[in-house]
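Residue strings, one per chain:
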Amino acid sequence: MRAMVLEKAGEALRLSERPDPVPAAHQLLIEVCACAVCRTDLHVVDGDLTHPKLPLVPGHEIVGRVLEVGRSVQAGFKVGQRVGVPWLGFTCGTCSYCTSGQENLCDTAQFTGYQIDGGFATHTVADARYCFAIPDRYDDVHAAPLLCAGLIGYRALKAAGEARSVGIYGFGAAAHIVAQICRHQGRAIYAFTRDGDTAAQDFARDLGCTWAGSSLAAAPVPLDAALVFAPVGELVPLGLRALRKGGTLVLGGIHMSTIPAMPYDILWGERVVRSIANLTRKDGVDFMKLAAEVPLEIHSEPFALDEANIALDRLRAGQLTGAAVLVPSQTRKDVDPGQLAKRVGPA
Ligand SMILES: [Zn+2]
Ligand SMILES: [Zn+2]
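Keep in mind that what you see is a predicted model, and the values were worked out from it rather than measured.

## Side note on the overall build of the chain
Scanning the chain from N- to C-terminus turns up nine helices and 17 strands. For 347 residues, the compact-globule estimate of 2.2 N^0.38 gives 20 Å, and the chain sits close to it at 19 Å. Dimensions of the chain along its principal axes, counting C-alpha atoms only, are 55 × 50 × 40 Å. The buried share of the chain, reckoned over its 347 residues, is 49%. Intrachain contacts of the chain at a sequence separation of at least 6 include 71% that bridge at least 24 residues.

## A closer look at the domain arrangement of the chain
Buried accessible area, meaning the area lost when the parts come together, often serves as the stated size of an interface. Domain assignment breaks the chain into domain 1 (2-147 + 279-340) and domain 2 (150-275). Between the C-alpha centres of domain 1 and domain 2 the distance comes to 26 Å. With 25 residues of domain 1 at the contact, the number on the domain 2 side is 20 residues. Those elements giving two or more residues to the side of domain 1 that touches domain 2 turn out to be helix H1 (39-46) and helix H7 (281-293). It is H7 that provides the largest number of residues to the side of domain 1 that touches domain 2, a total of five residues. When the residues that make up the side of domain 1 that touches domain 2 are grouped by side-chain class, the tally is 14 nonpolar, seven polar and four charged.

## Regarding helix H3 (residues 149-159)
Burial analysis of H3 places nine of its eleven residues in the buried class, which makes it a mostly covered element. Turning to H3, its buried residues number three or more, namely Ala149, Gly150, Leu151, Ile152, Gly153, Tyr154, Arg155, Ala156 and Leu157. Looking at the buried residues of H3, the elements they touch are strand E3 (27-36), helix H4 (173-185), strand E13 (223-228), strand E14 (243-251), H7 and strand E17 (323-327). Positioned one or two residues after H3, Gly161 has a phi angle of 60°, which is positive.

## Re unusual backbone geometry
Following Leu54, the chain continues into Pro55 via a peptide bond in cis, with omega recorded as -10°. Take Pro55: it is sitting in the loop between H1 and strand E4 (62-69). In this structure, Glu270 is a non-glycine residue whose phi angle is positive, near 60°. Mapped onto the elements of the fold, Glu270 is located in the loop between E14 and strand E15 (272-275). Residues other than glycine seldom take positive phi values, yet Asn278 does so here, at roughly 60°. Locating Asn278 in the fold gives a position in the loop between E15 and H7.

## So, the nonpolar core
If you look at the biggest cluster of nonpolar residues, it comprises 110 residues, and the most contacted ones within it are Ala36, Ile168, Leu227, Val228, Val325 and Leu326. Sorting elements by how many residues they give to this core places E3 first, with eight residues. Shared between two domains, this core holds at least three residues of each, these being domain 1 (2-147 + 279-340) and domain 2 (150-275). Residues in contact with Val228, not counting those within four places in the same chain, are Tyr169, Gly170, Leu235, Val236, Gly239, Leu249, Val250, Leu251 and Gly252.

## Points about helix H8 (residues 308-316)
Note that an α-helix has 3.6 residues per turn; residues three or four places apart therefore point the same way. Turning to H8, its buried residues are Ala308, Ile310, Ala311, Leu312 and Arg314. Directly after H8, the chain includes Gly318, whose backbone phi takes a positive value near 70°.

## Notes on the pairing of strand E12 (residues 211-214)
For strand E11 (residues 188-193) and E12, the ladder comprises four bridges, and the chain directions are parallel. Opposite Thr193, over in E12, you have Ser214 as the bridge partner. Handedness of the crossover joining E11 and E12 through helix H5 (residues 198-206) is recorded here as right-handed.

## A few points about the sheet that holds strand E10 (residues 165-169)
Across the sheet, six strands lie side by side as E12-E11-E10-E13-E14-E15; this open sheet has parallel pairing. In this open sheet, the two edge strands, each paired with only one partner strand, are E12 and E15. Ignoring strand direction, the axes of neighbouring strands in this sheet form an average angle of 20°. Taken together, the four bridges between E14 and E15 define a ladder with parallel strand orientation. If you follow Leu249 over to E15, its bridge partner there is Val273. The strands that H4 touches are E10, E11 and E13; relative to E10, the one it contacts most, it runs at about 170°.

## Section: the environment of Val66
Position of Val66 relative to the elements: it lies in strand E4. In this structure, Val66 is in contact with Leu28, Ile30, Phe77, Lys78, Val79, Gly80, Gln81 and Val83, ignoring residues within four places of it in sequence.

## Concerning the environment of Ala3
One can find Ala3 in strand E1 (residues 2-5). For the pair Ala3 and Asp117, spaced 114 residues apart in sequence, the C-alpha separation works out to 9.8 Å. Excluding anything up to four places from it in sequence, Ala3 contacts Ser16, Arg18, Val57, Phe120 and Ala121.

## Digging into the packing of H3 against H7
Contact pair H3 / H7: the axes reach a minimum separation of 10 Å and the direction vectors enclose 100°. In terms of axis orientation, H3 runs roughly perpendicular to H7. Counting all contacts with H3, which are made through Gly150, Leu151, Tyr154 and Arg155, the residues of H7 involved are Asp283, Gly284, Phe287 and Ala291.

What counts and what doesn't
- Residues numbered from 1 in each chain as written.
- Chains lettered and ligands numbered in written order.
- Predicted model: local features only at pLDDT ≥ 70, side-chain atom pairs only at ≥ 80, totals over all residues.
- Helix = DSSP H or I, 4+ residues; strand = E, 2+ residues; numbered from the N terminus.
- Rg over C-alpha atoms; globule rule 2.2 N^0.38 Å.
- Buried ≥ 20, exposed ≤ 12 C-beta atoms within 10 Å, placed from the backbone.
- Contact = placed C-beta atoms within 7 Å.
- Domains from an automatic or database assignment.
- Nonpolar A, V, L, I, M, F, W, Y, C, P; charged D, E, K, R; others polar.
- Core = buried A, V, L, I, M, F, W, Y, C linked by C-beta atoms within 7 Å.
- Pairing = 2+ DSSP bridges.
- Right-handed = clockwise from strand over helix to strand, strands pointing away.
- Axes fitted to C-alpha atoms, helices over the stretch in contact; angles between N-to-C directions.
- Parallel < 35°, antiparallel > 145°, perpendicular 65-115°, else oblique.

As C-alpha cells, then:
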C-alpha cells in the first residue's frame, strides 16, 4: 500500500510504501476510495493534539470498499460493500460512559488517524463496530466529508436543541453541511466568517443562510443558539454576546486557542456554553439516515494522495470553502503551487 505518513509533529507528511495491513478478527480490510481532510488532521500534524501514535497515517473521514471481513465480525458486512470510517475507532465497551450510550467520552477510546492508522492511504483496516453504511445518493468524494464534518456538525446541531435561529462561526466543511440541514428543518442560519472573507459569506448565502457577515459584527437578531467550528477562543465571548437569554453556545472543535477572560454578564441569563466531543455510533446511524433523506450538496475538492500536504496547507490558510478530499486513485495534478493556491471555492 501507499500512505502519507506523519513521522514527527510539525513536519510534512511523507509518501511511503508499506506492506498491506492484515485485518484482525474484528476488523475490515478496506480499499480507500476517498478520505476527506479535517481540521483535526491539521491539529494532529501541527502538534496541537499531543498524543498521536507515531509514525501515523492521518485521516478519519474514510470512504472505501471492503476487501476482506475479519472472521469474528458480527454485523453483516460483505466483500465489495461501501463503508465509511469515522474518527471514533475504538471504545472499551465496559466503562460507565460506554454502557450509557456516551461512548464518545470513553476514557480509553482510540481515534482513527490519531491512535489508529487512518485513511491518507490506499488501504486501511478498521474495527467493524465503528464502520457505517453510506447513503447511495453520494459518490465517494462527496460522501467522505459526511464522516466528520457532517457527523460532528450534526452532533453540534443536536446540542442546540430546538433553536430556530442558529449562528455558525467558521463557515467551512462542517458549517456548509449543517446549514443545509437547518434549511431543511426550517431553521434560520446566521453565518459568521473571518472579517472580510466575502467568498465564504457569498458561499453561506448561496446555501440559504439568512444572513452572512463578519464574526466581529453584531448578530442582526438575538440568536437561540450558535455553533463554533473555528478553533478560535476569541469567538466564545463574541458568540455569547450574540445569544438571547437561555441560548446555547456549542463548541464543535477538538482544539481551540485560549478563551479570553470575559465579563460574567454575557453568560448571565442562563446562557450555556458546551463542547461536543467525538461521536457516538448512534450519531453515525442517525446522521447517515438523515443524509439519505436530505439531498445535501457536498462541496468537495479532490486532491491526489500525494497532494495531502497541499490540501493541509490550503486548510491551514483558510483557502478552502468546502472540504478537501484525498483520492488515492487520482494522480498528482501537473500544476505549480501558485496555481493550486488559486483553486479556491466549491467544486
Ligand atoms: Zn469505555
Ligand atoms: Zn474530523
